[in-house]
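Listed here are the chains, written in short residue letters.
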Amino acid sequence: MKILVLNSGSSSVKYQMFNAADEQVMAEGIVGKIGDAGAYLEHKAKGEKIRRDVIAMNHKEAFQVVIDVLVDKNVGVLGAVSEISAVGHRVVHGGDKFFASTVITDEVIDKIEECVSLSPLHNPPNLLVIKEAKKLLPGVPQVAVFDTAFHHAMPEKAYMYALPYEYYRDYKIRRYGFHGISHRYVSVRAAEIVQRPIEELKIITCHLGNGSSMAALDKGVSIDTSLGFTPLEGLIMGTRCGDLDPAITFFLSREVGLSIDEIDNLMNKKSGLLGISGVSNDVREITFQAHSGNKRCQLALEMCAYRIKKYIGAYITVLSSLDALVFTAGIGEKSPEMRSMVCKDMGALGIELDEKKNAEVMGIESIISSAESKVKVMVVPTNEEKIIAIDTLKLAEEEISRSEKGRT
Ligand code: AMP
């Protein structure tokens, strides 16, 4: 079975072509800058990487670019589009309607549409590509894998906000959590790496990228996570502020005179590492400048690490103990400096890095704690596409066997 995995953002469509027979990635790439005259395609297959300008004024055209390159005579990997057996879509927000991956029917599309108000930036491009894929690949099973689903088992006391109860009842205002596909992948790998059943483990996963979140996992189940109703709460991110006193919003409105849209933009696009450093949202640049003596860059790194530390402390108490602390995503995988700052002086909690090992690890699976550390600290590069392919394969096989039975 050949599975097309699609991850559609507001201005990009990332794709991977998976061969389930040998679990190999046949091709992968991205159509970026959708809607812009500078739209481009990056495509990797057969050991070669190409980049070319493309016309992709919308997600429909971007999807056509993906299909065209996959069947291209020179750089493609398919003889014909009909070789695609199933399509897996990453869908950001499943609200309280989806607790697991699901085959996409018209009813599922309607329900994803109902979640648009919860994720106005992410769900619309997901829906556009789902609809286009259904049109261009009729009869091919399509599966939605939700970023929120992994956190569905959080207890009420963890997902409720202390607003009057009717705001939860009437408007579904609650913590949903995100990055679930990534937290799920790295926790499963972490258990495999320490060679223990996940059902025996208490794990904290730190997905530290441009967007960041942490999750407390008991027996492989997410019991709390730092992103909330939207991907703004929790850790300090590239351009997002994370936790702050909600009354700052009233102050910005009444005293500074900002509109709601300006506050939204400020907190989502101009805050976080970028806002504090005044330099960049990229930890590489901020670390470089901090080493050159830029105090605001140093402060940005320290604040970021301090917030992560506080969440580790909180999650150890709700888990009551800890077996593994996992770092993933761009910063978690590739910034030894950030990992070191986070784990500094945590010996009392059983967390102790092997600093030499940590300094050597960049984007590869590795245990980076010392031999004496009670908690295994590790780096696990995330692979959301693999989880999407696994769920898509399982559900598509069930769907195909159901429709074959229906015919007999
Ligand atoms: P992601 O959202 O997972 O793609 O992560 C992107 C972020 O990872 C970037 O904005 C950088 O802050 C960070 N990053 C990527 N490579 C490195 C690196 N070599 N060292 C430090 N941070 C990095």
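S.K.: Sorry if this is basic, but what is going on with the overall build of the protein here?
M.R.: Helices and strands together make up the secondary structure of the protein, namely 15 helices and 14 strands. Its C-alpha atoms give the protein principal-axis dimensions of about 60 × 55 × 45 Å. Counting across all 408 residues of the protein, residues that qualify as buried make up 50%. Counted over contacts in the protein with a minimum sequence separation of 6, partners at least 24 positions apart contribute 60%. Summing over all exposed atoms, the protein offers an accessible surface of approximately 19,400 Å²; the carbon and sulfur share of this is 53%. The distance from the centre of the 48 positive side-chain charges to the centre of the 54 negative ones in the protein is 1 Å.

S.K.: Please clarify how the state of the cysteines should be interpreted in this entry.
M.R.: Disulfides are covalent bonds that connect the sulfur atoms of two cysteines. Per the counting criterion, the structure on display carries zero disulfides. The cysteine Cys297 is free of any disulfide, with Cys304 supplying the nearest cysteine sulfur at 13 Å. The structure places no disulfide on Cys304, whose sulfur is separated from the nearest cysteine sulfur, that of Cys206, by 11 Å. A residue is classified by how much of its surface remains accessible, and Cys304, at 6% relative accessible area, is buried.

S.K.: Help me understand the packing of aromatic side chains in this model?
M.R.: Between two aromatic rings, the relevant description is the distance of the centres plus the angle of the planes. Across all of its chains, the model carries six aromatic pairs by this definition. Here Tyr159 and Tyr168 contribute two aromatic rings whose centre-to-centre distance is 6.1 Å and whose plane-to-plane angle is 45°, an arrangement assigned as tilted. Overall, Tyr168 belongs to the buried group, its relative accessible area being 18%. Taking the centre distance of 5.9 Å and the plane angle of 25° together, the rings of Tyr167 and Tyr171 count as stacked. You can see Tyr167 and its partner Tyr171 sitting in helix H5 (residues 165-171), four residues apart, about one turn around the helix. Clustering of aromatic rings is evident, with ring pairs tying together Tyr159, Tyr165 and Tyr168.

S.K.: Where do I start with the pattern of salt bridges in this structure?
M.R.: Close approach of charged atoms lets side chains of opposite charge pair. In total, this model carries 22 salt bridges according to the counting rule given. For Glu113, the salt bridge is made with Lys131, and the minimal N-O distance between the two is 2.7 Å. Of this pair, Glu113 sits in helix H2 (residues 106-114) while Lys131 is found in helix H3 (residues 123-136), placing the two residues 18 residues apart along the sequence. Owing to a relative accessible area of 35%, Glu113 belongs among the partly exposed residues under this scheme. For Lys131, a relative accessible area of 38% translates into the label partly exposed. The closest approach of N and O atoms between Lys202 and Asp218, which form a salt bridge, is 3.7 Å. You can see Lys202 sitting in strand E9 (residues 202-208) and its partner Asp218 sitting in strand E10 (residues 212-218), a full 16 residues away along the chain. Overall, Lys202 belongs to the buried group, its relative accessible area being 19%. What you see here is one network of salt bridges that share partners, running through Arg175, Asp224 and Glu233.

S.K.: Which parts of the structure should I look at to understand the sheet that holds E9?
M.R.: Taken together, six strands build an open sheet; the order of strands is E11-E10-E9-E12-E14-E13 and the sheet is mixed. Pairing within the sheet leaves two strands with one partner each, and these edge strands are strand E11 (221-225) and strand E13 (366-367). Along the sheet, helix H6 (residues 180-194) makes contact with E9, E10, E11, strand E12 (324-328), E13 and strand E14 (376-379), crossing E9 at roughly 130°. Those strands touched by helix H11 (residues 295-319) are E9, E10, E11 and E12, and its axis lies near 15° from that of E10.

S.K.: Explanation requested: unusual backbone geometry in the structure shown.
M.R.: With glycine set apart, most residues show a phi of negative sign, and most peptide bonds adopt trans. The backbone phi angle of Lys219 is positive, close to 55°, even though this residue is not glycine. Topologically, Lys219 is positioned in the loop between E10 and E11.

S.K.: Got a minute to help me understand the site of the ligand in this structure?
M.R.: Taken together, Gly209, Asn210, Asn281, Asp282, Val283, Arg284, Ala329, Gly330, Ile331, Lys334, Ser335 and Met362 make up the full set of residues adjacent to the ligand. Backbone polar atom of Asn210 to an oxygen atom of the ligand: 2.9 Å apart, as the coordinates give it. Between an oxygen atom of the ligand and a side-chain N or O atom of Asp282, the distance comes to 3.5 Å. Its free accessible area being 510 Å², the ligand has 72% of it covered by the protein chains. Secondary-structure elements contributing two or more residues to the shell around the ligand are helix H10 (283-291) and helix H12 (329-334). Tallying contributions element by element places H12 first for the shell around the ligand, with four residues.

What counts as what
- Residues numbered from 1 in each chain as written.
- Predicted model: local features only at pLDDT ≥ 70, side-chain atom pairs only at ≥ 80, totals over all residues.
- Heavy atoms only, no water.
- Helix = DSSP H or I, 4+ residues; strand = E, 2+ residues; numbered from the N terminus.
- Buried < 20%, exposed > 50% of the residue type's maximum accessible area, 1.4 Å probe, protein only.
- Contact = heavy atoms within 4.5 Å.
- Areas by Shrake-Rupley, 256 points an atom, 1.4 Å probe, with all protein chains shown as cover.
- Lys, Arg positive; Asp, Glu negative; His and termini not counted.
- Charge placed at Lys NZ, Arg CZ, Asp CG, Glu CD.
- Disulfide = S-S within 2.5 Å.
- Phe/Tyr/Trp six-rings, centres within 6.5 Å; stacked < 30°, edge-to-face > 60°.
- Salt bridge = Lys/Arg side-chain N within 4 Å of Asp/Glu carboxyl O.
- Pairing = 2+ DSSP bridges.
- Axes fitted to C-alpha atoms, helices over the stretch in contact; angles between N-to-C directions.
- Near = heavy atom within 4 Å.
- Polar contact = N/O pair within 3.5 Å; in protein donor to acceptor, adjacent residues only side chain to side chain.

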